[in-house]
Amino acid sequence: MQKRQLEQQVDLVATDGFRYALFASNGGITGANQITVRGDAYSRSDVTIANNSTVTGNLTSRGTVTLNNSTLVSGRVWANGAVDVNTSGNGSGVGGDVW
């Protein structure tokens, strides 16, 4: 009986670290009053951000997303539930797609 041998080459590529600037498991994300998240944010449940706050990357939620009172997300917003972007007054906004 002949022995079979498998050889494989794996290249490890360095990254700039953890993908998310803000990560929340249970409990979600609630923030207000001029918070700034520099990078992507992920939540396992609902996200509510308000009052002149900013996310400079993408926002991902396995729950709902609510943006109120001049809150801006410069990237995309992905949500498993509803996405509510309050555009009254100074308004809130999303720079990318909303899914």
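This text follows the structure it describes.
For the structure given in this document, a descriptive report is provided here. Here the structure is a predicted model, which means the values were calculated and not measured.

A separate point is the overall build of the protein chain. When helices and strands are counted, the protein chain shows zero helices and twelve strands. Listing every helix and strand of the protein chain by position from the N terminus yields β-β-β-β-β-β-β-β-β-β-β-β. A compact globule built from 99 residues would reach a C-alpha radius of gyration of about 13 Å, whereas the protein chain, at 19 Å, exceeds it by more than 25%. C-alpha extents for the protein chain along the principal axes are approximately 80 × 25 × 25 Å. Within the protein chain, the proportion of its 99 residues that are buried is 34%. Taken as a whole, the protein chain presents about 7000 Å² of accessible surface, with 45% of it coming from carbon and sulfur. Within the protein chain, one finds 7 positive and 7 negative side-chain charges whose respective centroids are separated by 9 Å.

The subject of this paragraph is the pattern of salt bridges. This structure, assessed with the given rule, holds one salt bridge. Note that Arg76 and Asp97 form a salt bridge whose closest N and O atoms lie 3.7 Å from each other. Taken together, the residues Arg76 in the loop between β9 (72-73) and β10 (77-79) and Asp97 in the segment after β12 (93-94) connect sequence positions 21 residues apart. Among the residues examined, Arg76 registers a relative accessible area of 36% and is labelled partly exposed.

Parameters at a glance
- Residues numbered from 1 in each chain as written.
- Predicted model: local features only at pLDDT ≥ 70, side-chain atom pairs only at ≥ 80, totals over all residues.
- Heavy atoms only, no water.
- Helix = DSSP H or I, 4+ residues; strand = E, 2+ residues; numbered from the N terminus.
- Rg over C-alpha atoms; globule rule 2.2 N^0.38 Å.
- Buried < 20%, exposed > 50% of the residue type's maximum accessible area, 1.4 Å probe, protein only.
- Areas by Shrake-Rupley, 256 points an atom, 1.4 Å probe, with all protein chains shown as cover.
- Lys, Arg positive; Asp, Glu negative; His and termini not counted.
- Charge placed at Lys NZ, Arg CZ, Asp CG, Glu CD.
- Salt bridge = Lys/Arg side-chain N within 4 Å of Asp/Glu carboxyl O.

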